[in-house]
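Residue-level structural notes
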Amino acid sequence: MTNTTVGPDEATRLRNQVVDELCADGNISSPEIETVMRKVPRHAFIPNTPLDKAYDTYAAVITKTDEHGVQLSSVSAPQIQAMMLEQAKVEPGTRVLEIGSGGLNAAYLAELVGEGGEIVTVDIDPVVTDRARRLLNQQGYGRVHVVTADAAEPIPGLGEVDVVMVTAGAWDISPAWTAQLKQGGRLVVPLRMRGLTRSVAFTQVRGEHGSYLESESARICGFVPMQGSNAHREELLLVNGTPEIGLRFDDGLPADPHRLDNAVTFPRHEMWTNVTVRIQELIDTLQMAMATSLPGFCTMAVDENSDTGLVDPVNKRFALAAVEGDTFAYLVTRRTEDNKHLEYGVHALGPHAEQFADKIADVLRDWEAKRRGGPSPVIRVYPASTPDDQIPADRVIDKVHSRISLSWPSA
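Residues numbered from 1 in each chain as written. Predicted model: local features only at pLDDT ≥ 70, side-chain atom pairs only at ≥ 80, totals over all residues. Heavy atoms only, no water.

Short version of the rule: UniProt positions are given in the numbering used here, feature names are shortened, and annotations may be inferred rather than shown by experiment.
If you check an unreviewed UniProt entry, the protein chain appears there as Protein-L-isoaspartate O-methyltransferase from Streptomyces tsukubensis. The record held by UniProt for the protein chain lists under Sequence similarities (unreviewed entry) the comment "Belongs to the methyltransferase superfamily. L-isoaspartyl/D-aspartyl protein methyltransferase family."

Considering the sheet that holds strand E14 (residues 319-324)
Stated formally: When DSSP locates at least two bridges between a pair of strands, those strands are taken to pair. By the criteria applied, helices consist of DSSP H or I runs no shorter than four residues and strands consist of E runs no shorter than two, each listed in order from the N terminus. For helices, the axis comes from a line fit to the C-alpha atoms of the stretch in contact; other axes are also lines fit to C-alpha atoms, and the angle between any two N-to-C directions lies between 0 and 180 degrees. Throughout, a contact is declared for two residues whenever any of their heavy atoms are within 4.5 Å.
Strands sit in the order E10-E11-E13-E14-E15-E16-E12 across an open sheet of 7 strands; the sheet is antiparallel. One side of each edge strand has no neighbouring strand; the edge strands of this open sheet are strand E10 (235-238) and strand E12 (269-278). Taking the axes of each pair of neighbouring strands and ignoring which way they run, one obtains an average angle of 35° across the sheet. Across the sheet, helix H8 (residues 284-293) touches strand E13 (297-302), E14, strand E15 (327-335) and strand E16 (341-349), and the angle it forms with E13 is around 115°. Here helix H9 (residues 353-370) sits on the sheet in contact with E12, E14, E15 and E16, set at roughly 10° to E12.

Remarks on helix H4 (residues 78-88)
This is how it is decided: Only protein chains enter the calculation, and the probe is 1.4 Å; a residue is then buried if its accessible area is under 20% of its type maximum, exposed if over 50%, and partly exposed in between.
The element H4 is extensively covered by neighbouring structure, given that 11 of its 11 residues are classed as buried. Residues Pro78, Gln79, Ile80, Gln81, Ala82, Met83, Met84, Leu85, Glu86, Gln87 and Ala88 constitute the buried set of H4. One or two steps after H4, the chain reaches Lys89, where phi turns positive at roughly 50°.

Examining the domain arrangement of the protein chain
For clarity, the cut-off: Here the limits of each domain have been adopted from an automatic or database domain assignment. By definition, the buried area sums, over both parts, the 1.4 Å-probe accessible area that each loses when the two are put together. When a carboxyl oxygen of Asp or Glu lies within 4 Å of a side-chain nitrogen of Lys or Arg, that pair is called a salt bridge. We define a polar contact as two N or O atoms separated by no more than 3.5 Å, with the added condition that, inside protein, one atom must be a possible hydrogen donor and the other a possible acceptor, whereas residues neighbouring each other in sequence contribute only through side-chain atom pairs. Three classes are used: nonpolar for Ala, Val, Leu, Ile, Met, Phe, Trp, Tyr, Cys and Pro, charged for Asp, Glu, Lys and Arg, and polar for all others, with Gly counted as polar.
What the domain assignment lists for the protein chain is domain 1 (62-220) and domain 2 (235-371). Its C-alpha centre places domain 1 at a distance of 34 Å from the equivalent point of domain 2. Contacts between domain 1 and domain 2 engage 8 residues on the former and 12 residues on the latter. Both sides together, the interface formed by domain 1 and domain 2 hides about 960 Å², and carbon and sulfur atoms give 50% of it. For the interface between domain 1 and domain 2, the tally reads 1 salt bridge. One salt bridge in this structure joins Asp250 and Arg192, with 2.8 Å as the shortest N-O distance. Where domain 1 meets domain 2, there are 10 residue pairs in polar contact (both at pLDDT 80 or more). Contributions of two or more residues to the side of domain 1 that touches domain 2 are made by strand E7 (181-193) and strand E8 (196-207). Here the residues of the side of domain 1 that touches domain 2 are counted per class, giving 4 nonpolar, 1 polar and 3 charged.

Digging into the pairing of E16
Within E16, 7 of the 9 residues are buried, which leaves the element mostly enclosed by the surrounding structure. In the sheet, E12 pairs with E16 via 7 bridges, with the strands oriented antiparallel. Note that in E16 the partner of Glu270 across the bridge is His347. With 8 bridges connecting them, E15 and E16 associate as antiparallel partners. Its bridge partner lying in E16, Phe328 is registered against Leu349. Where E15 hands over to E16, the hairpin turn is made up of 5 residues, of which Asn339 adopts a positive phi near 60°.

Thoughts on the packing of aromatic side chains
To describe a pair of aromatic rings, one takes the distance between the centres and the angle between the planes. Short version of the rule: The rule is short: rings of Phe, Tyr and Trp, with Trp giving its six-membered ring, pair when the centres are within 6.5 Å, and they are stacked under 30 degrees, edge-to-face over 60, tilted in between.
Evaluation of the coordinates by the stated rule reveals 1 aromatic pair. Ring plane angle 25° and centroid distance 5.1 Å describe the contact between Tyr212 and Tyr382, whose orientation is recorded as stacked. Note that Tyr212 is positioned in strand E9 (residues 210-220) and Tyr382 in strand E17 (residues 378-383), a separation of 170 residues in sequence. Tyr382 matches Tyr212 in its accessibility class, with the two residues each being buried.

Description of the sheet that holds strand E6 (residues 161-166)
Strands sit in the order E5-E4-E3-E6-E7-E8-E9-E17-E19-E18 across an open sheet of 10 strands; the sheet is mixed. A strand with exactly one partner marks an edge of an open sheet, and here the two such strands are strand E5 (145-148) and strand E18 (395-398). On average, each strand axis in the sheet is tilted by 20° relative to the strand beside it, whichever way the strands run. By the bridge criterion, 4 bridges tie strand E3 (residues 95-99) to E6 in an arrangement that is parallel. Residue pairing across strands places Glu98 opposite Met165, the latter belonging to E6. Running over the sheet, helix H6 (residues 126-138) touches strand E4 (118-123) and E5 and is turned about 165° from E5. Its contacts with the sheet place H8 against E7, E8, E9, E18 and strand E19 (402-407), and it is angled at close to 75° to E8.

Examining the nonpolar core
Using the following cut-off: What makes a nonpolar core is a set of buried Ala, Val, Leu, Ile, Met, Phe, Trp, Tyr and Cys residues whose side-chain atoms join them at distances within 4.5 Å.
Membership of the largest hydrophobic core comes to 57 residues, with the highest contact counts inside it found for Trp177, Leu187 and Ile360. Ranked by residue count, the leading element in this core is H9, at 8 residues. Shared between two domains, this core takes at least three residues from each, and those domains are domain 1 (62-220) and domain 2 (235-371). By size, the runner-up hydrophobic cluster in this structure holds 46 residues, among which are Val19, Met83, Val90 and Ala110.

Description of the packing of H8 against H9
Put simply, the test is: Roughly parallel refers to an angle under 35 degrees, roughly antiparallel to one over 145, roughly perpendicular to one between 65 and 115, and oblique to any angle outside these ranges. Each crossing gets its hand from how the near helix is turned against the far one by less than a right angle, where anticlockwise is left-handed and clockwise is right-handed.
Contact geometry of H8 with H9 gives a least axis separation of 10 Å together with a crossing angle of 130°. In terms of orientation, H8 and H9 fall into the oblique class. As H8 packs across H9, the resulting crossing turns out to be right-handed. Together, Thr285, Leu286, Ala289, Met290 and Ser293 of H8 and Ile360, Val363, Leu364 and Trp367 of H9 make up the contact between the two elements.

Quick look at the structure:
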């Protein structure tokens, strides 16, 4: 059943059901965002999509793929859209630049800023912008400006805006985004750091040595990666040269990746850490703790068609992992006896497996003692030319256009 054959009452019922769920789980906290998400017909911006899929609270709808099935464009899940709208804190009269066009989010923003505000939505793909323009016009949002361009470059004639909202996964922060942002303005962006993506709400701060961005909040999310000049792909290291075990690195491969060639010839060392979490507990700070503490942090995937059992992650498509010289390791979990918790363990392969597993276990125990249940690290973005002594951080991640610092609050 598609939404073209369903009565408006059913669509309204499902839309209200989604909003009720988002209010209950805390993703919607402001009455303004609740109002616009009840008002705007989500299904109208996803034509020919079954209504139950259009109104799945926690699932995106893919709208375009390439010939290999790689996702190029999507309409984000209602949960993600609500979360980012809350982070953006858009008010009546606000000027907003949206990077990544689908039409639906621009309609939400147009409702929030009202007649006195302005929405400019930009996408590099003319197919996407043509679709967004058509759907926005059909739903009465003709005042939204739709532009086809690579938003990594300044948008001609735009001037300064109050909010830049990026709705595609970004590996770097383009200088054009901050140049077009008013002093004190807000940038909301799904930023990828060491393979982990967080929707970060930044405010622009003027410091002693110039302006930089500082995070106000950071939430786990997933997005279709950005295209154009700001595109960036992870690098894949096939352990032992076979497709069975793939390690993905976001900021470059290890200096000598061939040192891992013989790691799988060693017996797998397995240990359990006594660090447990509740079944539904968020582990975003644990992920960030590993990413900031382990220089060789990466993620691991196993090709199910080539799987021989050399490694045994719980999730064969995504496991937190790390490399140190000639040894690699990854996290595993098992249910505890009460069946309400998961205990973390470490599997390691290589000549120094036991020592490296102990090091990763220490990171988990440190997280449990100091970070668990606490805030995420503060994320700051500086120009790429900023010297080290002007960046207070536990870890600095160097990108092409920026230097991203991660600083944990005091325990």
